[in-house]
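This is what each chain is made of:
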Amino acid sequence: MSVSPTAGWSAAYTRYTSGAILLHWTIALAILFQLAVGLAMVHLDAMPDALRFALFQWHKTIGILVLCLTLARIAWRLVNPPPALAPTTSRAERAASGLVHLAFYALMLFVPLSGWLLVSAAAAGIPTYLFLIDSLEWPHLPVAALLPSMDAAALEDVLGFAHKWLALSFLGLLVLHVAGALKHSLVDAVPSFSRMLPHHGMARPQTRLIAIPIALAVVLSALGGGLVAGQSDALVAAEATRADRAMVAPDAGPAGGDWIVDPAQSQLGFETQFSGKTLTGTIGTWQADVRFSPEALDLAEASIAIDAASIAVDNSFVAPQVQGADGFASATHPTVTLQLGDFRAVEAGYEAGGTLTIKEKSLPVTVHFRFERNNNGTAHVTGSATVDRTAFDLGVANDPTGQYLDKAVTIRFELVAVPAGAAAAGS
Ligand code: HEM
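Conventions used here
Residues numbered from 1 in each chain as written. Predicted model: local features only at pLDDT ≥ 70, side-chain atom pairs only at ≥ 80, totals over all residues. Heavy atoms only, no water. Helix = DSSP H or I, 4+ residues; strand = E, 2+ residues; numbered from the N terminus. Rg over C-alpha atoms; globule rule 2.2 N^0.38 Å. Buried < 20%, exposed > 50% of the residue type's maximum accessible area, 1.4 Å probe, protein only. Contact = heavy atoms within 4.5 Å. Areas by Shrake-Rupley, 256 points an atom, 1.4 Å probe, with all protein chains shown as cover. Domains from an automatic or database assignment. Buried area = accessible area lost by both parts, 1.4 Å probe. Salt bridge = Lys/Arg side-chain N within 4 Å of Asp/Glu carboxyl O. Polar contact = N/O pair within 3.5 Å; in protein donor to acceptor, adjacent residues only side chain to side chain. Nonpolar A, V, L, I, M, F, W, Y, C, P; charged D, E, K, R; others polar. UniProt positions renumbered as here; feature names shortened; annotations may be inferred. Donors = N, O, S within 2.8 Å, 3.2 Å for Na, K, Ca; no water. Tetrahedral: all angles 85-135°; square planar, octahedral: opposite > 155°, others 65-115°. Phe/Tyr/Trp six-rings, centres within 6.5 Å; stacked < 30°, edge-to-face > 60°. Axes fitted to C-alpha atoms, helices over the stretch in contact; angles between N-to-C directions. Parallel < 35°, antiparallel > 145°, perpendicular 65-115°, else oblique. Left-handed = near helix turned anticlockwise from the far one by under 90°. Near = heavy atom within 4 Å.

Quick word on the overall build of the protein
Alright, step 1. For the protein, the helix and strand inventory stands at 8 helices and 13 strands.
Alright, step 2. Against the 2.2 N^0.38 benchmark of 22 Å for 427 residues, the protein shows a C-alpha radius of gyration of 31 Å, more extended than a compact globule.
Alright, step 3. Its C-alpha atoms put the protein at 115 × 45 × 40 Å along the principal axes.
Alright, step 4. When the 427 residues of the protein are sorted by exposure, 42% land in the buried category.
Alright, step 5. For the protein, the proportion of contacts with a sequence separation of at least 24, taken over those separated by at least 6, is 70%.
Alright, step 6. Accessible area for the protein stands at about 22,400 Å²; split by element, carbon and sulfur atoms hold 66% of it.

Quick word on the domain arrangement of the protein
Alright, step 1. We note that the domain assignment places domain 1 (10-239) and domain 2 (244-426) within the protein.
Alright, step 2. Each of domain 1 and domain 2 has a C-alpha centre, and the two are 48 Å apart.
Alright, step 3. Across the contact, 13 residues belong to domain 1 and 11 residues belong to domain 2.
Alright, step 4. In total, about 1,100 Å² of surface goes out of reach between domain 1 and domain 2, with carbon and sulfur atoms giving 61% of it.
Alright, step 5. Considering only the side of domain 1, the residues that lose the most area to domain 2 are D49, F53 and Y129, jointly responsible for 41% of the buried surface there.
Alright, step 6. On the surface where domain 1 and domain 2 come into contact, there are 0 salt bridges.
Alright, step 7. There are 5 residue pairs in polar contact (both at pLDDT 80 or more) connecting domain 1 and domain 2.
Alright, step 8. Per-element accounting of the side of domain 1 that touches domain 2 gives the leading share, 6 residues, to helix α2 (residues 49-79).
Alright, step 9. Split by residue class, the side of domain 1 that touches domain 2 holds 8 nonpolar, 2 polar and 3 charged.

Points about the UniProt feature "transmembrane region" (unreviewed entry) in the protein
Alright, step 1. This chain's UniProt record puts "transmembrane region" (unreviewed entry) on residues 21-42, 62-79, 99-132, 165-186 and 207-229.
Alright, step 2. From the first C-alpha to the last, residues 99-132 spans 37 Å; its make-up is 68% helix and 6% strand.
Alright, step 3. Counting secondary structure, residues 207-229 comes out at 83% helix and 0% strand; the distance between its end C-alpha atoms is 34 Å.

Digging into the coordination of the iron atom of the ligand
Alright, step 1. Around the iron atom of the ligand, the donor atoms from the protein are H59 (NE2) and H163 (NE2), and they sit 2.0 Å away.
Alright, step 2. Viewed at the metal, the 6 donor atoms of the iron atom of the ligand are separated by angles of 87 to 179°, and the geometry they form is octahedral. Taken together, the positions of H59 in helix α2 and H163 in helix α5 (residues 152-187) put the pair 104 residues apart, joining distant regions of the chain.
Alright, step 3. We classify H59 as buried; its relative accessible area is 13%.

Here we look at the pattern of salt bridges
Alright, step 1. Within the structure shown, the criterion is met by 7 salt bridges.
Alright, step 2. Across the salt bridge formed by E271 and R412, the nearest N and O atoms sit 3.4 Å from each other. In this pair, E271 is assigned in strand β4 (residues 267-274) and R412 in strand β13 (residues 408-419), connecting sequence segments 141 residues apart.
Alright, step 3. For R412, a relative accessible area of 39% corresponds to the partly exposed category.

Some details on the packing of aromatic side chains
Alright, step 1. Enumeration over the complete set of coordinates arrives at 15 aromatic pairs.
Alright, step 2. Taking the centre distance of 6.0 Å and the plane angle of 70° together, the rings of W58 and F131 count as edge-to-face. With W58 in helix α2 and F131 in the loop between β1 (128-129) and β2 (137-138), the pair connects residues that are 73 residues apart, well separated along the chain.
Alright, step 3. A network of ring pairs unites the aromatic residues W259, F292, F343, Y350, F369 and F371 as a single cluster.

Quick word on the packing of helix α1 (residues 18-43) against α2
Helix-helix packing is characterised by the crossing angle of the two axes and by the distance between the axes.
Alright, step 1. Closest axis-to-axis distance for the α1/α2 pair is 9 Å, and the angle between their directions is 155°. Between α1 and α2, the interaxial angle falls into the category roughly antiparallel. Two packed elements cross with a definite hand, and for α1 against α2 that hand is left-handed.
Alright, step 2. Looking at side-chain class alone, the contact of α1 with α2 contains 17 nonpolar, 7 polar and 2 charged residues.

So, the environment of F56
Alright, step 1. If you trace the backbone, F56 turns up in helix α2.
Alright, step 2. As for F56 and M41, which are separated by 15 residues in sequence, their C-alpha atoms are 6.9 Å apart.
Alright, step 3. Look past the residues within four positions of F56 in its chain and what remains in contact with it is M41 and Y404.

Quick notes on the site of the ligand
Alright, step 1. Looking at the ligand, there are 22 residues lining it, with Q34, H43, H59, G115 and H163 nearest.
Alright, step 2. Between the ligand and the protein, one listed contact pairs an oxygen atom with a side-chain N or O atom of H43 at 2.6 Å.
Alright, step 3. Between H59 and the ligand, the recorded distance is 2.8 Å, taken from a side-chain N or O atom to a nitrogen atom.
Alright, step 4. Among the elements of the structure, α1, α2, α3 (91-121) and α5 are those that each provide at least two residues to the shell around the ligand.
Alright, step 5. Ranked by residue count, the leading element in the shell around the ligand is α1, at 7 residues.

Given below as structure tokens:
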């Protein structure tokens, strides 16, 4: 008659507690997802960039969740220690299993932490919104401030290298982990995998239920603390980007134009593509001085002065950079100007050549527009001009190649103006 290897001690050889099992499989699936998504988003060149961008954001969200769940898993384990190993397990096997488990916990903490440090140090400065929800901003760690002597690009490289190789170490550990469990099950004939399964006819361990509120408190305070810090980061950033002055329309040059542009009925803005979607920019405060008559194009001229601090975009991933050094740097370069002089009639309306100045960098630009005079004497002008943002040093640290944020930006305007004489007469 064969005797079961567990005979005599099987009653004391229990499975893990239900909480440990739930956390084990949730974290394990999340890590497998992270490995697959991390490798795909970095190495699959054929992937459309819009999908790559979305995967990056999900990768950050799930990674942060892994970090918070790992803290809960540690808390659970402290309250409910794992069940004892089978008495047949040799000392060497006990030591090996202990080391593998310790290494798993270290990676579960340091892989997400290194990813978090990496995005915090990245020149791209893309914010982290959990679940891609704007109100759930996760803070970035002050890595560059803590290591001021280190070159920013070198720091990013080191963190990228660490994140990649720590993450890939999970695969090596997984092989050891599964090999150990297989050895117990197949060679020692001691149930091993089933200890981590919820219903497998094994003895249920005693669970200290106090671990449930403790684990929940750990997850909620880690997530909640991060989100609160993210909110205050967002407020500080918004405060820092707001110009330290009341927004006043900058001077568009010596007034002498023959049209008075009505800002209430006019619009100035721009458009580009970000991660496969249209990104719209608004320009809140500006002043235009226009001299134009279709009959005297050689005398036509226009200048528009824009308060750089009033420029905003409708995309929360790009918005934090708009006013910063990689954006319009409005704190040091408060005005953007467009000067137009060389007017000519073309088939679809008119064209004007001139200069656009952003951050003291002046480059030639061509504006296309239509000019219509209404019966009541007002003029309606619609037009556009397309520029390369990188030529003006806009978003070059963030995305120099236009991978996510298109390099081509189309400035659009719709102006309603009254003849200067009529405005003066009416006032
Ligand atoms: C368990 C958690 C995580 C795992 C297993 C994981 C795994 C990976 C892997 C395998 C890669 C590809 C590395 C390469 O081949 O270069 C990667 C890249 C990346 N991960 Fe994670 N990651 C985790 C958490 C995080 C977190 C929490 C963040 C940020 C909040 C993050 C940010 C990134 C970034 C930005 C990259 C791209 C690096 C590059 O472009 O070179 N990861 N991750």
